[in-house]
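What follows is the residue order along each chain.
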Amino acid sequence: MPGIDESLLDAMRLPGARGASVIDWISGLALGAVGEAPGGDLETAAAETAELARLAAESGAFRLAAAGDAAEPGKEPPVQDVIITTPDDYHVLRFVTTTFDSSAVLHLWLGRAEGNLALARIRLAELAERLVLG
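Residues numbered from 1 in each chain as written. Predicted model: local features only at pLDDT ≥ 70, side-chain atom pairs only at ≥ 80, totals over all residues. Heavy atoms only, no water.

> Give a detailed account of the overall build of the protein chain, specifying residues and quantitative values.
A count of helical and extended segments in the protein chain gives four helices and five strands. For the protein chain, the α and β elements follow one another from N to C terminus as α-β-β-α-α-β-β-β-α. Taken across its 134 residues, the protein chain has 45% of its residues classed as buried. Within the protein chain, contacts between residues separated by at least 24 positions form 53% of all contacts whose residues are at least 6 apart in sequence. In the form shown here, the protein chain has an accessible surface area of approximately 6,900 Å², with 54% of it arising from carbon and sulfur atoms. (Helix = DSSP H or I, 4+ residues; strand = E, 2+ residues; numbered from the N terminus. Buried < 20%, exposed > 50% of the residue type's maximum accessible area, 1.4 Å probe, protein only. Contact = heavy atoms within 4.5 Å. Areas by Shrake-Rupley, 256 points an atom, 1.4 Å probe, with all protein chains shown as cover.)

Have a look at this one:
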């Protein structure tokens, strides 16, 4: 089972990948990163990504279909993906289910001209499923 570094390197093999990171969406800290960071500052990008992920995960509207608390060990987060599109980029956030607290999210930044959003979403789901944290 791959760890953070190997998973991030796999994500960077996707067409158009500019940067990838694993972020703790509760603390806002990057657990690992490769490539570029949106805006050029990894710490700021991680904190802002964590804020977005936290808003999605804790939103009452998105929790309606999910039973229980996302922070409960072994529970799936109530949201699987968050996708942000800009004129030049795609940002795909994939929540990672872990055995301890499920507070990790994979963030992939893709160039829109070269990237394939559908492929990226499928590949991130596979990476998140195999990712070993700890």
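> Tell me what's going on with the pattern of salt bridges, and back it up with residues and numbers.
Tallied over the full model, the rule gives seven salt bridges. For D89, the salt bridge is made with R18, and the minimal N-O distance between the two is 2.5 Å. With D89 in strand β4 (residues 89-96) and R18 in strand β1 (residues 17-24), the pair connects residues that are 71 residues apart, well separated along the chain. On the basis of relative accessible area, D89 is assigned to the buried category, the value being 12%. R18 sits in the partly exposed class, given a relative accessible area of 28%. With its nearest N and O atoms 2.9 Å apart, the salt bridge here joins R123 to E126. You can see R123 and its partner E126 sitting in helix α4 (residues 117-130), three residues apart, about one turn around the helix. By relative accessible area, which is 37% here, E126 ends up partly exposed. One network of salt bridges, in which partners are shared, links D10, R13, R123, E126 and R130. (Salt bridge = Lys/Arg side-chain N within 4 Å of Asp/Glu carboxyl O.)

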